[in-house]
Amino acid sequence: MIYNEVLEQARGDIGKYCKACPVCNGKACKNQIPGPGAKGVGDTAIRNYDKWQDIRVNMDTLCAGGDIDTTCTLFGKEFAYPFFAGPVGAVNLHYSEKYDDVSYNKVLVSTCAKAGIAAFTGDGTNPAVMEAATLAIGENGGFGVPTIKPWNLDTVKEKMDLVHKSGAFAVAMDVDAAGLPFLKNMNPPAGSKTVEELAEIVKMAGVPFIVKGVMTVKGARKAKEAGASAIVVSNHGGRVLDQCPATAEVLEAIADEVGGSMKILVDGGIRSGTDVFKALALGADGILICRPFVVSVYGGGSEGVKAYIDKIGSELKDTMQMCGAHSIEEITRDMVR
């Protein structure tokens, strides 16, 4: 199965909101929630994609030949590629009822694990979302990253119990989800976290903790102060706030500030192996891709996910070869402009 076949199949199965576009750039879904769009006009998702396209790679074939090594290490684990599936929850609400969170995560987590990458899994107001995610991760030897919404501390503790039972090698919290409509006016309150609250959550985790939703140097410093092991430079896929900068616009400054002292991942509009290369060149240690993995599950199940991983991996290898980088460590900032 090739990715074009995945897209064609997905269009009949993914529901009325996602259009399974040839390139997932945020333009067709825009301001659709439920769905993959945004609570506003959706301009940030579009900007995320466009700004990666503004960055160009510097071709250089006057260098030694040889095999390309795309492996990377994160928290002591080796991965086949430096990109990972991003978290999504309540798939039957945002897409179609072909999958629910149990069946979706069963496909995604296991296929990613077999391909040598990890899946980040989602969360939601329905407890079954996190239960299904952590069950799938547990069934695959802890090879996945549960992502907890920024609930109140008591609820976070309950979620962490599930994380610990799964044996997950790391856990994340998408603090940028504070802008999602369903987190508003909850009792007890959910949403933004102080450094002190975040530090308490980091202690609860007991495994490397990843703060997803950092968009400023100041935010990166605060995540580091709280004891996080990593951050994801992310604006929640452009879903929660219009008029945000793109992740490509802020990554380099954040990497300059905290790179080397904590792991830096990035998401938002990254849609090709060449985009992955650009993000690595700007200082990322890893990349999350979300919406296309949803399309891949709906369009081909395990075979669709495998086809998408192969596509991005092949594009990354080709870009590395053409720019003179034989390993992830050899990708440097002067390889992009």
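Structure: above.
Here goes a summary of the coordinates provided.

1. Some details on the side chain of Ser 296
Phase 1: Assignment of secondary structure puts Ser 296 in helix H11 (residues 291-323).
Phase 2: For Ser 296, a relative accessible area of 0% translates into the label buried.
Phase 3: Filtering out sequence-adjacent residues up to four positions away, Ser 296 remains in contact with Tyr 3, Val 6, Gly 301, Gly 304, Val 305 and Tyr 308.

2. Some thoughts on a negative patch on the surface
Phase 1: A grouping of Asp 67, Asp 69, Glu 78, Glu 329 and Glu 330 is seen on the molecular surface, where their side chains present a negatively charged patch.
Phase 2: Here Asp 69 lies in the loop between helix H2 (43-54) and strand S1 (72-74).

3. Looking at the pairing of strand S10 (residues 286-289)
Phase 1: Here S10 shows no split at all, with Gly 286 and Leu 288 on one side and Ile 287 and Ile 289 on the other all buried.
Phase 2: Here 2 bridges tie strand S9 (residues 263-266) to S10, and the two strands are oriented parallel to one another. Counterpart to Leu 265 in the pairing with S10 is Gly 286.
Phase 3: The parallel pair S9 and S10, bridged by helix H10 (residues 273-281), forms a crossover whose chirality is right-handed.

4. Considering the packing of H10 against H11
Phase 1: Their axes nearest at 7 Å, the elements H10 and H11 cross at an angle of 55°. With respect to their mutual orientation, H10 and H11 come out oblique. The two elements H10 and H11 cross, and the hand of that crossing is right-handed. In this structure, H10 uses Gly 273, Thr 274, Val 276 and Phe 277 to contact H11, whose residues at the interface are Ile 312, Glu 315, Leu 316, Thr 319, Met 320 and Cys 323.
Phase 2: Class assignment for the residues of the contact of H10 with H11 results in 6 nonpolar, 3 polar and 1 charged.

5. Quick look at the packing of aromatic side chains
Phase 1: A complete count under the given rule lists 10 aromatic pairs for this structure.
Phase 2: Plain terms: the ring middles of Phe 79 and Phe 143 are 5.4 Å apart, the flat faces sit at 45° to each other, and that makes the pair tilted. Of the two residues, Phe 79 is situated in strand S2 (residues 77-79) and Phe 143 in the loop between helix H5 (127-139) and strand S5 (144-148); the sequence distance between them amounts to 64 residues. Of the two residues, Phe 79 and Phe 143, both sit in the buried class.
Phase 3: With a centroid separation of 5.7 Å and 45° between ring planes, the pair formed by Phe 79 and Phe 169 is classed as tilted. Taken together, the positions of Phe 79 in strand S2 and Phe 169 in the loop between helix H6 (153-166) and strand S6 (171-174) put the pair 90 residues apart, joining distant regions of the chain.

6. A closer look at helix H9 (residues 247-258)
Phase 1: The terminal C-alpha atoms of H9 lie 16 Å apart, and with 12 residues this matches the ideal 16 Å at 1.5 Å per residue to within 8%.
Phase 2: Taken residue by residue, H9 has Thr 247, Ala 248, Val 250, Leu 251, Ile 254, Ala 255 and Val 258 as its buried positions. Buried residues in H9, looked at end-on, bunch into an arc of 150°, giving them a common side.
Phase 3: Contacts made by the buried residues of H9 are with H2, strand S7 (209-214), helix H8 (217-225), strand S8 (230-233), S9 and H10.
Phase 4: Gly 260 sits one or two residues past H9 and shows a positive phi near 95°.

Thresholds applied
- Residues numbered from 1 in each chain as written.
- Predicted model: local features only at pLDDT ≥ 70, side-chain atom pairs only at ≥ 80, totals over all residues.
- Heavy atoms only, no water.
- Helix = DSSP H or I, 4+ residues; strand = E, 2+ residues; numbered from the N terminus.
- Buried < 20%, exposed > 50% of the residue type's maximum accessible area, 1.4 Å probe, protein only.
- Contact = heavy atoms within 4.5 Å.
- Patch = residues over 30% accessible without salt bridge, like charges linked within 9 Å, V, L, I, M, F, W, Y side chains within 5 Å.
- Areas by Shrake-Rupley, 256 points an atom, 1.4 Å probe, with all protein chains shown as cover.
- Salt bridge = Lys/Arg side-chain N within 4 Å of Asp/Glu carboxyl O.
- Lys, Arg positive; Asp, Glu negative; His and termini not counted.
- Charge placed at Lys NZ, Arg CZ, Asp CG, Glu CD.
- Pairing = 2+ DSSP bridges.
- Right-handed = clockwise from strand over helix to strand, strands pointing away.
- Axes fitted to C-alpha atoms, helices over the stretch in contact; angles between N-to-C directions.
- Parallel < 35°, antiparallel > 145°, perpendicular 65-115°, else oblique.
- Left-handed = near helix turned anticlockwise from the far one by under 90°.
- Nonpolar A, V, L, I, M, F, W, Y, C, P; charged D, E, K, R; others polar.
- Phe/Tyr/Trp six-rings, centres within 6.5 Å; stacked < 30°, edge-to-face > 60°.
- Expected span 1.5 Å × (residues − 1).
- Arc of directions from axis to C-beta.

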